[in-house]
Amino acid sequence: MPSESSSPRDRLLETAAGLFYAEGIKGVGVDRILSEAGTTRATMYRHFPGKEALVAAYLEREDAIIRGYFAAAAEAGGSPTELVAAVIEGIAEDATRYHRRGCPFINAAAEYPDADGEIRQIIERHRTWFRSTLAAVLDAASVADAERVAASLVLLRDAALVGVYLDGDTVSADFRRTARSVVGLG
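Residues numbered from 1 in each chain as written. Predicted model: local features only at pLDDT ≥ 70, side-chain atom pairs only at ≥ 80, totals over all residues. Heavy atoms only, no water.

Peer 1: Would you explain the layout of surface pockets in this entry?
Peer 2: By volume, the largest pocket is sized at about 270 Å³. In terms of lining, the largest pocket is formed by 14 residues, of which the most central are Tyr69, Ala86, Val87, Gly90 and Ile91. Secondary-structure elements contributing two or more residues to the lining of the largest pocket are helix H4 (51–75) and helix H5 (80–98). In terms of residue count, H5 provides more of the lining of the largest pocket than any other element does, eight residues in total. (1 Å grid on protein atoms, 1.4 Å probe; cavity = no way out; pocket = protein on both sides within 12 Å on 5 of 7 lines; lining within 4 Å. Points joined across faces, edges and corners; volume = space filled by probe spheres on them. Helix = DSSP H or I, 4+ residues; strand = E, 2+ residues; numbered from the N terminus.)

Peer 1: Just checking my understanding: could you explain the environment of Ser172 for this structure?
Peer 2: Here Ser172 is to be found in helix H9 (residues 170–183). Sequence separation between Ser172 and Met44 is 128 residues; the distance between their C-alpha atoms is 38 Å. The contacts of Ser172, once residues within four sequence positions are left out, are Ala92, Thr96 and Val164. (Contact = heavy atoms within 4.5 Å.)

Peer 1: Hey, could you run me through the packing of aromatic side chains in this one?
Peer 2: Both the distance between ring centres and the angle between the ring planes are used here to describe each pair of aromatic rings. Scanning the entire structure with this criterion turns up five aromatic pairs. Consider the rings of Phe20 and Tyr58, whose centres lie 5.6 Å apart with planes at 65°: the pair is edge-to-face. Highlighted residues: Phe20 in helix H1 (residues 8–23) and Tyr58 in helix H4, separated in sequence by 38 residues. There is no split in this pair, since Phe20 and Tyr58 are both buried. Consider the rings of Phe70 and Phe130, whose centres lie 5.7 Å apart with planes at 90°: the pair is edge-to-face. One end of the pair, Phe70, is in helix H4; the other, Phe130, is in helix H7 (residues 118–140), and 60 residues separate them in sequence. Considered together, Phe70 and Phe130 belong to a single accessibility category, that of buried residues. (Phe/Tyr/Trp six-rings, centres within 6.5 Å; stacked < 30°, edge-to-face > 60°. Buried < 20%, exposed > 50% of the residue type's maximum accessible area, 1.4 Å probe, protein only.)

Peer 1: Is there a simple way to think about the nonpolar core in this case?
Peer 2: Considering soluble globular proteins, one finds that nonpolar side chains tend to be buried as a cluster. Counting 59 residues, the largest nonpolar core has Phe20, Leu59 and Leu138 as its most contacted members. Elements with a contribution of two residues or more to this core: H1, helix H2 (30–37), H4, H5, helix H6 (104–111), H7, helix H8 (146–167) and H9. Counting contributing residues, this core receives three or more from each of domain 1 (1–49) and domain 2 (57–183). Once residues lying within four places of it in the same chain are set aside, the contact partners of Leu59 are Pro104, Phe105, Ala108, Ile119, Ile122 and Ile123. (Core = buried A, V, L, I, M, F, W, Y, C linked by side-chain atoms within 4.5 Å. Domains from an automatic or database assignment.)

Right under this line is the structure:
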């Protein structure tokens, strides 16, 4: 639940994000978001032209959070290999701590099938950034064929996020082991 002291825009976005992730985007109506955020329709439309703009802001917020994780890991220092290990650990932690209901981007893609629509474009930009950032981290750690390994890690992350949702926390240990093997960390 958002803080009453936060701005109306922040309350709308935080409320929508929680509801969209927990219950699905299409299943949550604007009236419910407004009620739980303690704002009016006029306030919403002042900040977001419609529900799809709110969905876009939700996904951009998720993207910013994940980019922040990468930035924090890079700022923490350590060798490139230690950064790779930290990324694997971060993905496992994310799956078991923050995204226990699957990947918000995959969930949104299931509800927005139009590949040319704004929502799918946001998802594509995120996934492209994620894959290329992984490739850069892997390349810095001298992992052979970094782009292919990055693509494999994205696939493993997708599976881990869905797997934790369906099968529980034990999936994260399987993810760690498999990801470390794919990367060559033993």
